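This is what each chain is made of:
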Amino acid sequence: MRGSACFTRALKMCASLVVLALLSAVASAEIHLPYEDVTRPIYVRADDARHWQDGDKEVWILHGDCEIVQGKTIAKAKDAVLWIEYAQPFRLVPHKVTVYLENKANVTWRDAKGPASVEDSTWLGQFFTTSRIQLPVDTTKAPPAVAPAIYHRGQNAQPSDEDYAPKQAIEAPIQQIQFEAGDPMPPAFAAPQPQIRVRLSQRYSTGFHVDVETDPNTGETIGRFDQGMNLMIDGLGELNSVSLLADRAIIWSKQGLEGLGTTDGIVGDGEFEVYLEGNVVFRQGEKVVYAERMYYNVAQKYGTILKAELLTPVPEYQGLVRLKADVLQQVDPSRYQAFGAAITTSRMGVPRYWFQSNQIEYTDQESVVTNRLGEAQIDPITGQPKIDHKRLATSRNNTLYVGGTPVFYWPVLSADINDPVFYLNKISFKNDGVFGFQVLTEFDNYEVFGIEDPWEGTEWLTDLDYLSDRGMGVGTRFNFNNTFFPYFNNPATGFLDAWAIYDTGTDNLGADRRDIPPETDFRGRVWGRHRQMTFWDFQFTGELGVISDRNFLESYYEKDWDTQKDFDTRFELKRLVGNQSFNIQGANRVNDFFMQTEWLPKLDYYMLGQPLAFDRLTYFSHSTIGYARLRPSSPPEDPTELAKWSALPYETDSEGIVGSSRHEIDMPLELFGSKVVPYALGDVTYQAQDINGDDMLRGYAQGGIRGSIMAWSVNRQIQSQLLNINGIAHKVTLYGDMYYADSSQDLSRVAIYNKLNDDSQEAFQRRFGVDTYGLPAGVPVPWQVDPRNYAYRTNQQGQVTSSVSEIADDMTAAQLQLRQTWQTKRGGPGNEKIIDWVKLDVGGTIFPDADRDNFGETVGLLNYQFNWQVGNRLSVFSNGFWDLFDDGLQTVTIGSAINRTQVGNLYLSYTNTVQPFQSQLILASLQYRLSDKWFGGLGTAYDLTGNTNLGQNVFLTRIGESSLVTLNFTVDNSRNNVGIGINIEPRFFASGQYSKINGEPIPPLGAYGLE
């Protein structure tokens, strides 16, 4: 409900423009004390950490995903400062950790009343523990030369000694002691009364006229002003300073009007009323209000504005919003009403579109933010109690007008102003040869059903879609982020998405699969994920993935089919303790057309980077055991698909106990300026049923040496204005891994219980043998292109944390890689920045036993990556991969990209694949801002090998004063499909794919002034 949201924001501001005063009390800073069991340890995590000793305190500066956890208390932020005061030995006092969080601070805990949380820009608190404090690794090994600014802000936020001095007592009546504990009350704060200053000056050069008299009944001073006046008011809290201009005005004041026309004005508590009429103009910052008449009672906090028109910025929007209303009323300090309201972003006298409501009611419920002890949270910057605002708006008889014609109506809308949306989130129209004419809509259920207080951190949507060639589709999606569920102490994140259709058509999947009957008429998916911290510091992750048939995702949700994680149904409980991890997981296959493994259950234990022998050795391990059921995929029902379908070479129906334990010991050394790491790795794997159905015990051992050496040089004499070069720094790093491995069992015997590829990749592999090699269905592809072969040749078995522990076989190899970077400085004088000008990485692997390990070729897995940042906007890139044996992958790509903000971008690339299939693919795309009013783009893909046009996409967008109108034309040669679409989107909060240039939204109307 974007329109209602903007209107109610404007209503609140207008109705309180003279009076809305905020308590300006300055209370001392206060530390918030989490209530947690001090016997629990404290865990601290962050992406980057630095520390030093400051007297008797240890100071830690943390940056990036900072997290402090003690029991059920979790404190998170982007940046943090810790002051640790360790307890003296043999004293029964806990360690104390003072924490200052900054940048999206979030603290969650659980008290006697249930889960609670605090979110703010900053937070200051303390933790106590008699156990250990687990801290991140400080790789710098040295304190900073100068303490960062966040350290000083954290110091200033902490109470000083003066803050602990006795405060002036606040008198309160004595109450009888109650034996039933009530709700904790926030502490009282003695605050001086807000001081408001009012000044008066002339509006026109002719000056103004004033008549002043005293009401004999009330004793109030009444001032009548005409011929134009400018009333300036300071000290209005959130409004700060405002200016009121009117041709005529009447002011009632209980403290007189003496000094109103002086430079100092009148300073007091705002005990006055004001009435304005005639060309009333209100200004505050960027907000401008034009009105016919206006009245406000400062003491009683109510008022009315007639015939108001407002131009104001709103959150999450670059431009200005225009609002008109017949009547704006402030009923009481927290409730506002508007009648005959209309909102638009158009500056035209008669706008192209507007949103109109007969009546809007707005409430602002304020409450003091408290911690778990019932104490008020204090803003460390202002020293005042933090106030939480719950802003709700309800509008009635809502109509959307386009070109003066009503096009949409809804009786009642309700919204949270902190997250306002219109109940219809989006609507689009398409037409193509696969789905026919399409009308796709998305509704916000909280808006549609008028739910005024939705579940915090959640979003509930409904999709209603019409596809003329397929049927009517209905779906719903529930998103939750940092949301508390009943009976749980920690927030959860995830979603549940369902969509279904009774399909009356056939699937067009391209090439020779253009007319595939669905295996079932009622089609759809149910997809969900859930993650949160639970008991004993275990992280729970749950997944649900139910699909009606094997081709549904590829037909209706092709992007999800190609890029998303598999639709599994599984759960995992994971606990991290330092460098150790303990996992419990289970999985069940519900989609029998995919090859998946059921785990009933599976246990994993990791220990990574454990120092041994006084840090001279480093130990890694991963052990797993579980009961597994490997279930093969069922064959397709359609004869066309069955004719090209093959089971994978390692696809079997196996089950039983599966266990593996892999360990590695490293000995890091520094020799002649290089880093050398001799290592030994061993693995024992047991399968109750291998690929042949027999039990198998495999032993595996690998030993080798990893190493790296770095060299660099700097030449400041290399200068070029043409190439934008200001000195060159050349950095070279040589990496190597030479190893020998021996396995007691051949890889071809091992059942692959842990998946090598995603479901979409496996679906392609099943047709690969027939489509590429012309093999009969059921005949496996050559070993050269078997994914198991590529996995062990790239040394997957040499990783303790490998997700596929089954991959291991005899191997002797030496992996080498040379990484080079040329850096230079770019930027204006005094603002130079180091950038990577050219990067070139080359690598490959040597196989001494070439016949056994690399199909007779001594060298293989050759690869390179090249990137040249020619300018700040232009880059040239290339990459390649080359195996020398027959049917090995051989491909090279070269291309260039250029982009300019709010102007456009151009991408062009050429990819030549020689083996295992031949292709010369050209990809090109262009987006360009043709003028202030037009924006267009195109994309194309063409294969030179077969002179095959793969497809095109062309669009042209008209950037109107109030809307974006896009004509889109697509060609998909593989599906023999041509589509055309028209998309109409208002510029106000535009978010579609055609509202962005080079990834950035087109600025809305008025963002850079009047167009």
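Predicted model only: the values in this text are computed from it and were never measured. Along each chain, the written sequence defines residue order, and numbers are assigned to residues from 1. The model is predicted, so local features are restricted to residues of pLDDT at least 70 and side-chain atom pairs to those at 80 or more, both for listing and for counting; the totals for chains, interfaces and linings are taken over all residues. Here the side-chain values reflect all heavy atoms present in the structure, with hydrogen atoms and water set aside.

**Quick look at helix α2 (residues 149–157)**
- Only protein chains enter the accessibility calculation, which uses a 1.4 Å probe. A residue is then buried if its area is under 20% of the maximum for its type, exposed if over 50%, and partly exposed in between. In this description a helix means any DSSP run of H or I spanning at least four residues, a strand means any run of E spanning at least two, and both kinds are numbered starting from the N terminus. By the burial criterion, the buried members of α2 are I150, Y151, G154 and A157. Here the buried residues of α2 occupy an arc of 125 degrees about the axis, which is enough to place them on one side. In this context, the arc is that of the directions from the helix axis out to the C-beta atoms.

**Topic: the pattern of salt bridges**
- We define a salt bridge as a side-chain nitrogen of Lys or Arg found within 4 Å of a carboxyl oxygen belonging to Asp or Glu. If you walk through the whole model with that rule in mind, you get 45 salt bridges.
- Linking K76 and E67 is a salt bridge whose minimum nitrogen-to-oxygen distance equals 3.6 Å.
- Overall, E67 belongs to the buried group, its relative accessible area being 18%.
- A single network of salt bridges, built from pairs that share partners, joins R470, D503, D507, R523 and D549.

**Let's talk about the confidence of the model for the chain**
- Predictor confidence is given residue by residue as pLDDT, running from a minimum of 0 to a maximum of 100. Counting all residues, the mean pLDDT for the chain is 82, and 83% of those residues have values of 70 or more.
- Residues are treated as being in contact if the distance between any of their heavy atoms lies within 4.5 Å. Overall, residues 1–34 carries pLDDT values under 50, and its contacts beyond four positions in sequence, including any with other chains, amount to 152 contacts.
- Overall, residues 161–193 carries pLDDT values under 50, and its contacts beyond four positions in sequence, including any with other chains, amount to 23 contacts.

**Points about the side chain of S253**
- Tracing the backbone shows S253 in strand β13 (residues 248–253).
- What makes S253 buried here is its relative accessible area of 3%.

**Thoughts on the environment of N397**
- Mapped onto the elements of the fold, N397 is located in strand β21 (residues 387–402).
- Given the relative accessible area of 33%, N397 is considered partly exposed.

**Let's talk about unusual backbone geometry**
- Note that the residue after L600, namely P601, is joined by a cis bond; omega there is -15 degrees.
- As for its placement among the helices and strands, P601 is situated in strand β32 (residues 596–612).
- For the bond from Q915 to P916, the omega torsion is 0 degrees, close enough to zero to count as cis.
- Along the chain, P916 falls in the loop between β44 (904–915) and β45 (919–929).

**Looking at empty space enclosed by the protein**
- The rule is simple: put a 1 Å grid over the protein atoms alone, call a set of points where a 1.4 Å probe fits but cannot get out a cavity, call an open set with protein on both sides within 12 Å along at least five of seven lines a pocket, and count a residue as lining if it has an atom within 4 Å of a point. Grid points are joined across faces, edges and corners, and a volume is the space filled by probe spheres set on the points. The full count for this structure, using the stated rule, is six cavities of 30 Å³ or more.
- Taken together, 18 residues make up the lining of the largest cavity; nearest its centre are R550, W645, A763, R766 and R767.
- Residue classes follow a fixed rule: Ala, Val, Leu, Ile, Met, Phe, Trp, Tyr, Cys and Pro count as nonpolar, while Asp, Glu, Lys and Arg count as charged, and any other residue, Gly among them, counts as polar. Along the lines of polarity and charge, the residues of the lining of the largest cavity split into seven nonpolar, two polar and nine charged.

**Observations concerning the pairing of strand β24 (residues 436–444)**
- Burial runs high along β24: seven of the nine residues are buried.
- Strand pairing follows a simple DSSP-based rule, namely that at least 2 bridges must link the two strands. Both strand β23 (residues 424–432) and β24 contribute to a ladder of eight bridges, which runs antiparallel. Directly across from I427, in β24, lies its bridge partner T441.
- Counting the residues between successive antiparallel strands, the hairpin from β23 to β24 contains three residues.
- Of the pairings in the sheet, the one linking β24 to strand β25 (residues 458–467) comprises seven bridges and is antiparallel in character. Pairing of D444 across the sheet is with L461, part of β25.

**Regarding the nonpolar core**
- Residue types Ala, Val, Leu, Ile, Met, Phe, Trp, Tyr and Cys, when buried and joined through side-chain atoms within 4.5 Å, form a set referred to as a nonpolar core. Of all hydrophobic cores here, the largest spans 37 residues; its most connected members are M229, L231, L260 and L276.
- Here the element with the most residues in this core is strand β15 (residues 272–284); it accounts for five residues.
- Setting aside residues no more than four positions away along its own chain, M229 makes contact with L200, S201, R203, L244, L245, A246, A249 and L276.
- L630, A741, V804 and A813 belong to the second largest nonpolar core, which has 29 residues in total.

**Some points on the side chain of Q702**
- With respect to the element layout, Q702 can be found in strand β37 (residues 696–720).
- What qualifies as a polar contact is a pair of N or O atoms within 3.5 Å, subject to a donor-acceptor requirement within protein and to the restriction that residues adjacent in sequence count only when both atoms come from side chains. A distance of 3.2 Å separates the side chain of Q702 from the side chain of Y679, its partner in a polar contact.
- A polar atom in the side chain of Q702 sits 3.5 Å from the side chain of N795.
- Excluding residues that lie within four positions of it along the chain, Q702 makes contacts with Y679, A680, L681, Y739, Y740, A741, N795, Q797 and G798.

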